[in-house]
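If you want the building blocks of each chain, they are given just below.
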Amino acid sequence: MESKISYEKIGQLISYALILTMILFFLVDFIGKIGDRLHPPLAQISVWIKPIVFFFAGGAIYYFRHCIPRWVLIAFPALIISFLLGQYFLPSEHSFLQQVAFNSKTLVWYLFPILIYPLVLFHTTLNIPLIKKVFEAIFIVNAIFAIAGLVLDIQLFGSYHHSRFGYNGLFRFSTHSSFLYMIYMFYFYIQLKTNFNRKYLLLYTLAIILAAIAGSKLLFLFIFGLSLLLLPKPYNRIAIGAGIAVIAALSIYQDWFMQHIIAPYFPVLADVADKSGMASMLFSERDILFQEGFLPYIQEKWSIMNVLFGGADFHLFRSQFEFVDLFWFFGIIGTGIYLFFWYRMIYSHTHFSIAWLLFWLLVALAGNFFSTITVTLTFLIFILLISRIHPSTQHINTTK
C-alpha cells in the first residue's frame, strides 16, 4: 500500500513539474521573442533555462531507470555515440572537441524528448485533468494575443520580422508556431472524432482561424487535409475533387494568381518567386539550402562512416528539411535509432491513421520539429492526453 501511495505522490509531483515546464517554456519563448525584436540580451534567457530543465530531466530518468523500458535507456547513449562517431570521422579545420562543442546544443535539443518521455510513462498516476486544462489554456491565451496582434497591428505578436503577413501571438518563431498549431489542431481533431461536442468544435474552429492568420503555407495544407478527414465520406470526396480543381486552376492561371493574390498580400513570397522560382517560394527556399548546402557538404566531407553515423555543422547551417537534417546529423544508424524511439513513443499510446500520415508528411517538408524543445514538449503532452482517448498498456506498473 505504501509503495502504491508513493507512486501516486510521485505522479502528482511529475504532473506539477510538467505543468510548470510547459508554462516556463511558453514564457521563456515569448521573452526570447522580445529579445529578438526589441532587447537582444533577453534572447539569451532560454540558453540558460532549458539546460537546467534538461539536467533535472536527466536526474529523473536516472532515478526511475529500473522502471523504464530498455529501448528508452538504450536510445539515449546510442545516439550520443552515433553523434560522437560522426563528428570524429568528419574532416574539419577544428579539433574533434571543438566540433563536439559547436554541435552539442543541437544534440541536447534532439535528446530532450528522450529524457522527458519516461515521465509520461507515469500516465496512470498523473493529474491528467489539470495537465489538460493548462495545455488548453496556453492555446487560448496565445490566441488572444495573436488576434490582438492582427486587429491592432502589433508587430511584437507577428510571425515574421519583415513585412510578410502573419500573427502568431506569443510564440517565438513562425516555424515553431506552425508545429504548435498543428499539434493543437490534431488534438482538437482527435477529440472531435472521438466525441463530437461544441467545446472542441469551437476550439478547432479557433485553431483554423489562428492557423490562417499565422501566414504559414504549412498550416494551410494541414487545415485543408485535416478538415477533409472530419467531413463525412460523401462530402470529403466532393471536397477533395474541389481541391484538385482549385489546384489545377491555380496551375493554369499561375500568373494571375501571383499578380492578384501573392504580390499584394505576400510581397516577400512574390520576391522569392521572382528571384528563385515557384519551388523556392513553396518550400521557403529550402530547396536552395538542400542543393547548395546539404549536397555539396556530404559530397566534399563525408566518408562511409559519416553515412552511417552522420556529421554536420549545424551551428553554421542546415537544410531545413526535417528528415534530411536528421540524417545529416545522425547518419543512417543514428537516424534509425531516433525514429524507432519516436515510433515506439507514439504508437505505444495511440494508433496510426491517415491524419498521422498527413502530419508527418508536413513535418518532413519543414524543419526544426525534433530539435525544438518547446515543440517536442508540447507534442509529448499531446501524446499523454490522447493516450487517455486511446488507452495503452505501456506505462509504469504502480503496484510494484
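It should be emphasised that the depicted structure is a prediction, and the values quoted were computed from it without experimental measurement.

Rules used throughout
- Within each chain, residue numbers correspond to sequence positions counted from 1 in written order.
- Note on the predicted model: pLDDT of at least 70 is required for a residue's local features to be given, and 80 or more for side-chain atom pairs to be given and counted; whole-chain, interface and lining totals, by contrast, use all residues.
- Computation of side-chain values: all heavy atoms of the structure, hydrogens and water removed.
- Here a strand is any run of E in DSSP of at least two residues, a helix any run of H or I of at least four, and the numbering for each starts at the N terminus.
- Buried, partly exposed and exposed residues are distinguished by accessible area as a fraction of the type maximum, computed with a 1.4 Å probe on protein chains only: under 20%, between the cut-offs, and over 50%, respectively.
- Here, expected helix span is obtained from the residue count minus one, scaled by 1.5 Å.
- Residues count as neighbours in contact if any of their non-hydrogen atoms are within 4.5 Å of one another.
- As a per-residue measure, pLDDT tells how confident the predictor is, with possible values from 0 to 100.
- Salt bridge, as used here: a side-chain nitrogen of Lys or Arg that lies within 4 Å of a carboxyl oxygen of Asp or Glu.
- Counted as a polar contact is a pair of N or O atoms within 3.5 Å, where, for protein atoms, one must be capable of donating a hydrogen and the other of accepting one, and residues adjacent in sequence contribute only when both atoms are in side chains.
- Two rings from Phe, Tyr or Trp (for Trp, the six-membered ring) form a pair when their centres are within 6.5 Å of each other. A pair whose planes differ by under 30 degrees is stacked, one over 60 is edge-to-face, and the rest are tilted.
- Axes, fitted as lines to C-alpha atoms, cover a helix only where it is in contact. Angles between the N-to-C directions of the axes lie from 0 to 180 degrees.
- Any angle from 65 to 115 degrees is called roughly perpendicular, while one under 35 is roughly parallel, one over 145 is roughly antiparallel, and all others are oblique.
- Grouping buried Ala, Val, Leu, Ile, Met, Phe, Trp, Tyr and Cys residues that are joined through side-chain atoms within 4.5 Å yields what is termed a nonpolar core.
- The hand of a helix crossing depends on one turn: near helix anticlockwise from the far one by less than a right angle means left-handed, and clockwise means right-handed.

Draft legend 1. Here's a closer look at the overall build of the protein. What the protein contains, in helices and strands, is 17 helices and zero strands. A buried classification covers 50% of the 400 residues belonging to the protein.

Draft legend 2. Region of interest: helix H17 (residues 373-386). Its 14 residues give H17 an end-to-end C-alpha distance of 20 Å, which sits within 8% of 20 Å, the value for a rise of 1.5 Å per residue. Most of H17 is tucked away: 14 of the 14 residues are buried.

Draft legend 3. Helix H16 (residues 354-365), seen in detail. The end-to-end C-alpha separation of H16 is 17 Å, in line with the 16 Å expected for 12 residues at 1.5 Å each. Where the residues of H16 are buried, they touch helix H6 (174-194), helix H8 (217-230), helix H15 (322-347) and H17.

Draft legend 4. Quick look at the confidence of the model for the protein. Averaged over every residue, the pLDDT of the protein is 82; residues scoring 70 or more account for 82%. Averaged pLDDT values over the elements of the protein bottom out at 61 in helix H12 (residues 278-282) and peak at 95 in helix H14 (residues 304-309). The low-confidence segment residues 392-400 (pLDDT under 50) makes 28 contacts with residues lying over four places distant or belonging to another chain.

Draft legend 5. Region of interest: the pattern of salt bridges. Scanning the entire structure with this criterion turns up three salt bridges. A salt bridge links lysine 199 to glutamate 136; its shortest N-O distance comes to 3.1 Å. Residue lysine 199 is located in helix H7 (residues 198-214), and its partner glutamate 136 is located in helix H5 (residues 128-152); the two are separated by 63 residues in the primary sequence. In this structure lysine 199 comes out as partly exposed when scored by relative accessible area, which is 42%.

Draft legend 6. Quick peek at the side chain of threonine 374. Positionally, threonine 374 belongs in helix H17. Among residues more than four places away in sequence, those in contact with threonine 374 are Phe25, Asp29, Lys50 and Leu180.

Draft legend 7. Geometry of the environment of threonine 374. The exposure class assigned to threonine 374 is buried, which follows from its relative accessible area of 9%. Spatially, the C-alpha atom of threonine 374 lies 8.1 Å from that of aspartate 29, the residues being 345 residues apart in sequence. Among the polar contacts made by the side chain of threonine 374, one reaches the side chain of aspartate 29 at a distance of 2.7 Å.

Draft legend 8. Summary view of the packing of aromatic side chains. By the definition in use, this model includes 61 aromatic pairs. Look at phenylalanine 171 and tyrosine 181: their rings are 5.6 Å apart centre to centre, the planes differ by 65°, and that puts the pair in the edge-to-face class. With phenylalanine 171 in the loop between H5 and H6 and tyrosine 181 in helix H6, the pair connects residues that are 10 residues apart, well separated along the chain. The class for phenylalanine 171 is buried, based on a relative accessible area of 7%. On the basis of relative accessibility, which here comes to 1%, the residue tyrosine 181 falls in the buried class. Geometrically, the ring pair formed by phenylalanine 323 and phenylalanine 370 is edge-to-face, given 5.8 Å between the ring centres and 65° between the ring planes. Taken together, the residues phenylalanine 323 in helix H15 and phenylalanine 370 in the loop between H16 and H17 connect sequence positions 47 residues apart.

Draft legend 9. Representation of the packing of H16 against H17. Contact pair H16 / H17: the axes reach a minimum separation of 16 Å and the direction vectors enclose 180°. It follows that H16 is roughly antiparallel to H17 by the angle criterion. Side by side, H16 and H17 meet where Trp356, Phe359 and Trp360 of the first sit next to Phe379, Phe382, Ile383 and Ile386 of the second.

Draft legend 10. Molecular detail of the nonpolar core. Ranked by size, the top nonpolar core spans 106 residues in total, and within it Trp342, Trp356, Phe359, Trp360, Phe369, Phe379 and Phe382 carry the most contacts. With 13 residues, the single largest contributor to this core is H6. Those residues within four positions of phenylalanine 382 in sequence are excluded, and the remaining contacts are Phe135, Ile183, Phe186, Tyr187, Ile190 and Trp356.

Draft legend 11. Region of interest: the packing of helix H2 (residues 45-63) against helix H4 (residues 96-120). Between H2 and H4, whose axes approach to 9 Å, the crossing angle comes to 45°. Viewed along their axes, H2 and H4 adopt a mutual orientation that is oblique. Considering the relative orientation of H2 and H4, their crossing is left-handed. Judged by residue contacts, Val53, Phe54, Ala57, Gly58, Ala60 and Ile61 of H2 engage Val108, Leu111, Phe112, Ile114, Leu115, Ile116, Pro118 and Leu119 from H4.

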